[in-house]
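Here's the letter readout for the chains.
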Number of protein chains: 2
Amino acid sequence: MNTDDRGVAVIGLGSMGSALAAALLDSGHPTTVWNRSAEKAAPLAARGARAAASLEEALAAAPVVLACVLDYDVLRALLTPVAGSLAGKVLVNLTSGSPEQAREMASWAGSHGADYLDGAIMTTPPGVGTAEVMFLYSGPDAVFEAHRPLLSALGDPLHLGGDPGLASLYDAALLGLMWATMTGWLHGTALVGAEKTEATAFTPVAIRWLSTVAVFLTTYAPQVDAGRYPGDDATVDVQIAAIGHLIHAASARGVDNALPELLKGMMERARAAGHGSDSYASLIEVLRK
Amino acid sequence: MNTDDRGVAVIGLGSMGSALAAALLDSGHPTTVWNRSAEKAAPLAARGARAAASLEEALAAAPVVLACVLDYDVLRALLTPVAGSLAGKVLVNLTSGSPEQAREMASWAGSHGADYLDGAIMTTPPGVGTAEVMFLYSGPDAVFEAHRPLLSALGDPLHLGGDPGLASLYDAALLGLMWATMTGWLHGTALVGAEKTEATAFTPVAIRWLSTVAVFLTTYAPQVDAGRYPGDDATVDVQIAAIGHLIHAASARGVDNALPELLKGMMERARAAGHGSDSYASLIEVLRK
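Residues numbered from 1 in each chain as written. Chains lettered and ligands numbered in written order. Predicted model: local features only at pLDDT ≥ 70, side-chain atom pairs only at ≥ 80, totals over all residues. Heavy atoms only, no water.

1. Remarks on the sheet that holds strand β1 (residues 8–11) of chain A
Put simply, the rule is: In short, DSSP must find at least two bridges between two strands for them to pair. Helix and strand definitions here come from DSSP, where helices need a minimum of 4 consecutive H or I residues and strands a minimum of 2 consecutive E residues; each element is numbered from the N-terminal end. It only takes one pair of heavy atoms within 4.5 Å for two residues to be counted as in contact. Lines fitted to C-alpha atoms define the axes, with helix axes restricted to the stretch in contact, and inter-axis angles between N-to-C directions lie between 0 and 180 degrees.
Judged by pairing direction, the sheet is mixed, and its eight strands sit side by side in the order β3-β2-β1-β4-β5-β6-β7-β8 (chain A) without closing on themselves. One side of each edge strand has no neighbouring strand; the edge strands of this open sheet are β3 (50–51) and β8 (156–159) of chain A. Looking at chain direction, strand β2 (residues 31–34) of chain A and β3(A) are connected through two bridges and run parallel. The residue of β3(A) that forms the bridge with A:Val33 is A:Ala51. Sitting on the sheet, helix α5 (residues 99–111) of chain A is in contact with β5 (90–93) and β6 (115–121) of chain A, with an inclination near 150° to β6(A). Where helix α8 (residues 199–226) of chain B meets the sheet, it contacts β7 (134–138) and β8 of chain A, and its direction lies at approximately 150° from that of β7(A).

2. Looking at the interface of chain A and chain B
Interface size, as often reported, equals the accessible area lost upon joining of the parts. Stated formally: For this document, the term salt bridge refers to a Lys or Arg side-chain nitrogen within 4 Å of an Asp or Glu carboxyl oxygen. As used in this structure description, the phrase polar contact means that two N or O atoms lie within 3.5 Å; if the pair is within protein, one of them must be able to donate a hydrogen and the other to accept it, and residues adjacent in sequence are counted only when both atoms belong to side chains.
In this assembly, 88 residues from chain A lie in contact with 88 residues from chain B. Counting across the chain A and chain B interface gives eight salt bridges. Taking the shortest distance from any N to any O, the salt bridge between A:Asp156 and B:Arg208 comes out at 2.8 Å. Our count for the contact surface shared by chain A and chain B stands at 21 residue pairs in polar contact (both at pLDDT 80 or more). Among the elements of the structure, α5, β7, β8, α7 (166–193), α8 (199–226), α9 (236–252), α10 (258–275) and α11 (284–287) of chain A are those that each provide at least two residues to the side of chain A that touches chain B.

3. Some words on the relation of the copies chain A and chain B
We apply this condition: Alignment of copies: least-squares fit on C-alpha atoms of residues with pLDDT of at least 70 in both copies.
Superposing chain A onto chain B requires a rotation of 180° together with a translation of 0.0 Å along the rotation axis, leaving an RMSD of 0.0 Å. What we have between these two chains is a two-fold relation. Distance from the rotation axis, computed per C-alpha, reaches its smallest value in chain A at A:Thr181: 2.3 Å. Here 100% of the contact residues of chain A are again contact residues in chain B; the copies associate through an equivalent surface.

4. Side note on the sheet that holds strand β6 (residues 115–121) of chain B
Residues and elements named next belong to chain B. Strand order in this open sheet of eight strands is β3-β2-β1-β4-β5-β6-β7-β8, and the pairing throughout is mixed. One side of each edge strand has no neighbouring strand; the edge strands of this open sheet are β3 (50–51) and β8 (156–159). Here strand β4 (residues 64–67) pairs with strand β5 (residues 90–93) via four bridges, running parallel. For Val65, the partnering residue across the bridge sits in β5 and is Leu91. Strand contacts of helix α6 (residues 141–151): β1 (8–11), β4, β5, β6, β7 (134–138) and β8, with the helix running at about 175° to β8, the strand carrying the most contacts.

Here's what the structure looks like:
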């Protein structure tokens, strides 16, 4: 296996698929594009892509097929009629879905003689093609390594392991972290905003603080793996007292406290389970039902 | 006003106060220490601190008084009998409390002829004295600037503005962001952990992802200030669909979903308020009651 310069076919030209194709073109890879509604191909053809007249033609054009469509059901419905053309190809599936769907698709692709990588794109379309953006992949290591140069045109490719479900699993976990972080930031922004501090003033401080929080996570990760949570920096008891201050300050300023109240409740459950003198990492015990 | 080398007195020698005094000693500032129970001073005296026999003696020893005690009530109780010694001093109060308490203390200190800075320490005791750690201050700009060199011995001093309540307000907001982020990380860690991925494997990816999330916050902050939330990168509708996948994946693996369920509910409230096509930043509208 080796990446050759016969290029890549991009299946699905929504805003993300179009961004992927554009990044491939920008880095000089011969790129064939196909979309169910053909007009989406025109802007890419104007940038040098070959617009395939059919999905069969797209599959025939390149050894690597990069798919980014609405969901796994759509992809399966598209590929099933042309499954005979998949033998010897590498299917790189960047469609969003569940770990189970990724594993099933890997198995289906394998049954038709195709190698399979599942992927997750950790950015929005405007971020595609920048070197710092993470693209997560799972599937056979040799397949990933053979196509690393091609995948590097899209962003920084990270290989998570052989289980094709891992990219989707990490994707869900990381999005959950994102929503929690963004909502915590919005709550803080609403709190300081109640005292006329602008979001643009608070946010650089918040972002800098996140790098300190990252240090805490690095401290806590081995505690989680060890199942022991020494509270020498800050205990759950201390955090429960402190979050009371936040709830009081936010309540006094008309900010909705559902998020900190929920977090306080989780801390209290950890304390009730005997983790009052442990670190915040001990809350994982109450998250695992 | 100018920082002079007559040094600083540290009032309160719990683990944080002791760390503050140690950092001041390490950077060569003449440091006087005092604690209600005197034995806490011994380790610092061994490192070169002058252990004051009384609070009066501590206040007399230095033009700058740095206080870090249990709470504002304790500080007020300590200082009231010696209030006559405060005239001409600078009281830097790093005790945790509310914006209202900070403003009240500033006013009280002023009534006794002292300048006042309120502060918040954005680290745990082991982090004190490192240059990257944030110390937040609020109070008169001239007082802050005059003592910046001294305060720099503790960490990187950030001045938030003249209102003495701002340091406490930011502190609460940033801690809220911390708890939300740490809990989102723990949820993700529990999710990938259900598939035998170690926390120490997931966490570096999560930390790297946080720097992408920081880019989103930087994009969203001016939207919050403008009160307009164009959803050109990702809409609330898209996030609602995506968080459904997370909830499904976590539920299938026995991970408690109270946090993502709450976040989904907030997204749905934003959608119901007409923000379905807006960015995630529009959730601030449902946070402001």
